[in-house]
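# Per-entry structural report
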Amino acid sequence: MGPLSLFLVFEVVTFAARTIQLAAARHPTNERPACEFFQVPKYRNEPGCASLGCRSLDFVCDRRLVQVAMTLDLRYLRGTVAAIHSILKHASCPKNIVFHFISLNNSDLSQNHCGFEPVLRATFPFLRFKVYGFDQSRLNHLISPAVRPALDSPLNYARNYLAEMLEPCIDRVIYLDSDVIVVDDIRKLWAVRLSKLSIIGAPEYCHTDFNKYFTDEFWSDSGLSSVFKGKKPCYFNTGVMVMDLSRWRAGDYTRQMERWMAVQKERKIYELGSLPPFLLVFGGNVTPIDRRWNQHGLGGDNVSGSCRGLHPGPVSLLHWSGKLKPWIRLDSGEPCSVDRLWKPYDLYKHARKV
């Protein structure tokens, strides 16, 4: 074989090797789509539940429905699916729950071989739900860097816009984060009555040092800190809230929160992403809900994510707020003890055996 022939053979082999490498990079052989879940059986209503007839969503204005809002993000889809599973499993009237899911308008899931709606319909064939697109462009000039990059996601701010996105006839909703598990009948949470002056209800933690959620820049400026004058604000976690959307719309609270975000952009008055605007606007005017409905902090703090145990008392909802999520620690083979409480609701087909 002459030098020219050897050269051509070498080029062909090299080209083939590069082609294989590129194909492997685009479609890894060990790729496991994040959207493959086991299908759940049909959950039935207990006797005494209101009969709502057909599965059509034309009736979303029916006041007998329990309205639940959550976000859809591929990184947290496994958590969202587990949360839905837990809600349906423990509900006395699962067919009377309608879910409102918020996803980013520019979500491109084609390379993950899935879309949110097909995944939800395949996993929960009888689920009543709607998916809404959230335009993140309205937040491009408002989001400031937080202590943890995950807190900067535009979807963390979607709860600020529920009153605008959901149908005007929906005057009340339960908002839940994607890292929760409900182990009680969600109708009990839905039945909570808000006080006449409250726009939201949430478990409060008044023993927590409220000052730490804002910077010295904020507290040293009386023009800013006077927002709490005459109030007794307490910390509350925005991952579990009952929201009066009618009052929210009437008070244009979305604009109020955006104004505080604009101040943060200029002066850095807080560090924890989407939480502080809620504290600024609603602190001191929240209907307190039993803490059993938000056993939060199970994901550890926002830096180390170290293991934490349950708070004393009864539990209706477990919340893995914090740096680490239960599916991450379970898959790593180093779960915290509380992560095993999340495991029974995990429907992911490729979950590590524990």
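Residues numbered from 1 in each chain as written. Predicted model: local features only at pLDDT ≥ 70, side-chain atom pairs only at ≥ 80, totals over all residues. Heavy atoms only, no water.

## Some points on helix 2 (residues 77-90)
Taking 1.5 Å of rise per residue, the 14 residues of helix 2 would be expected to cover 20 Å, and the 20 Å separating its terminal C-alpha atoms lies within 8% of that figure. Most of helix 2 is tucked away, with 12 of its 14 residues classed as buried. Listed in full, the buried residues belonging to helix 2 are Leu77, Arg78, Gly79, Thr80, Val81, Ala82, Ala83, Ile84, His85, Ser86, Ile87 and Leu88. (Helix = DSSP H or I, 4+ residues; strand = E, 2+ residues; numbered from the N terminus. Expected span 1.5 Å × (residues − 1). Buried < 20%, exposed > 50% of the residue type's maximum accessible area, 1.4 Å probe, protein only.)

## Concerning the pattern of salt bridges
Evaluation of the coordinates by the stated rule reveals 20 salt bridges. A single network of salt bridges, built from pairs that share partners, joins Arg138, Glu164, Asp252, Arg255 and Glu258. (Salt bridge = Lys/Arg side-chain N within 4 Å of Asp/Glu carboxyl O.)

## A closer look at the environment of serine 225
Turning to its location among the elements, serine 225 is positioned in helix 7 (residues 222-225). Along the sequence, serine 225 and leucine 280 sit 55 residues apart, while their C-alpha atoms lie 9.1 Å from each other. Beyond its immediate chain neighbours, meaning those up to four positions away, serine 225 contacts Phe218 and Trp219. (Contact = heavy atoms within 4.5 Å.)

## Looking at the pairing of strand 2 (residues 97-104)
In terms of burial, strand 2 is a largely internal element, eight of the eight residues being buried. Neither face of strand 2 is exposed, since Ile97, Phe99, Phe101 and Ser103 on one face and Val98, His100, Ile102 and Leu104 on the opposite face are all buried. One ladder, built from six bridges, connects strand 1 (residues 66-71) with strand 2; its direction is parallel. Within the sheet, the bridge partner assigned to threonine 71 lies in strand 2 and is isoleucine 102. Both strand 2 and strand 3 (residues 128-134) contribute to a ladder of seven bridges, which runs parallel. Within the sheet, the bridge partner assigned to serine 103 lies in strand 3 and is glycine 133. (Pairing = 2+ DSSP bridges.)

## A short note on the sheet that holds strand 2
If you walk across this open sheet you meet the seven strands as 3-2-1-4-9-6-10, and the pairing is mixed. Either end of the sheet is taken by a strand with one partner, and the two such strands are strand 3 and strand 10 (287-288). Across two bridges, the pairing between strand 6 (residues 200-202) and strand 10 is parallel. For glycine 201, the partnering residue across the bridge sits in strand 10 and is threonine 287. In the packing of helix 2 onto the sheet, contacts are made with strand 1, strand 2 and strand 4 (172-176), and the angle to strand 2 comes to roughly 170°. Sitting on the sheet, helix 3 (residues 116-123) is in contact with strand 2 and strand 3, with an inclination near 165° to strand 3. (Axes fitted to C-alpha atoms, helices over the stretch in contact; angles between N-to-C directions.)

## Points about the side chain of arginine 329
In this fold, arginine 329 is placed in helix 11 (residues 326-332). By relative accessible area, arginine 329 is classed as buried at 3%. For arginine 329, the side chain forms a polar contact with the main-chain oxygen of leucine 298, separated by 2.9 Å. Once residues lying within four places of it in the same chain are set aside, the contact partners of arginine 329 are Leu298, Gly299, Gly305, Ser306, Trp320, Leu324, Glu334, Pro335, Cys336, Val338 and Asp339. (Polar contact = N/O pair within 3.5 Å; in protein donor to acceptor, adjacent residues only side chain to side chain.)

## Some points on the packing of aromatic side chains
Inspection of the entire model under this criterion finds 23 aromatic pairs. An aromatic cluster is defined as three or more aromatic residues linked by ring pairs; in this entry it consists of Tyr205, Phe210, Tyr213, Phe214, Phe218, Trp219, Phe228, Tyr235 and Trp260. The ring of phenylalanine 126 carries lysine 42 above its face, with NZ or CZ at 4.7 Å from the centroid. It is arginine 172 that lies over the ring of tryptophan 190; its NZ or CZ is 5.2 Å from the centre. (Phe/Tyr/Trp six-rings, centres within 6.5 Å; stacked < 30°, edge-to-face > 60°. Lys NZ or Arg CZ within 6 Å of the ring centre and 35° of its normal.)

## Observations concerning the confidence of the model for the protein chain
Taken as a whole, the protein chain shows an average pLDDT of 86; of its residues, 84% reach a score of 70 or greater. This stretch, residues 3-30, has a pLDDT under 50; its non-local contacts, to residues over four places away or in other chains, come to three contacts. Overall, residues 108-112 carries pLDDT values under 50, and its contacts beyond four positions in sequence, including any with other chains, amount to eight contacts. (pLDDT = per-residue confidence, 0-100.)

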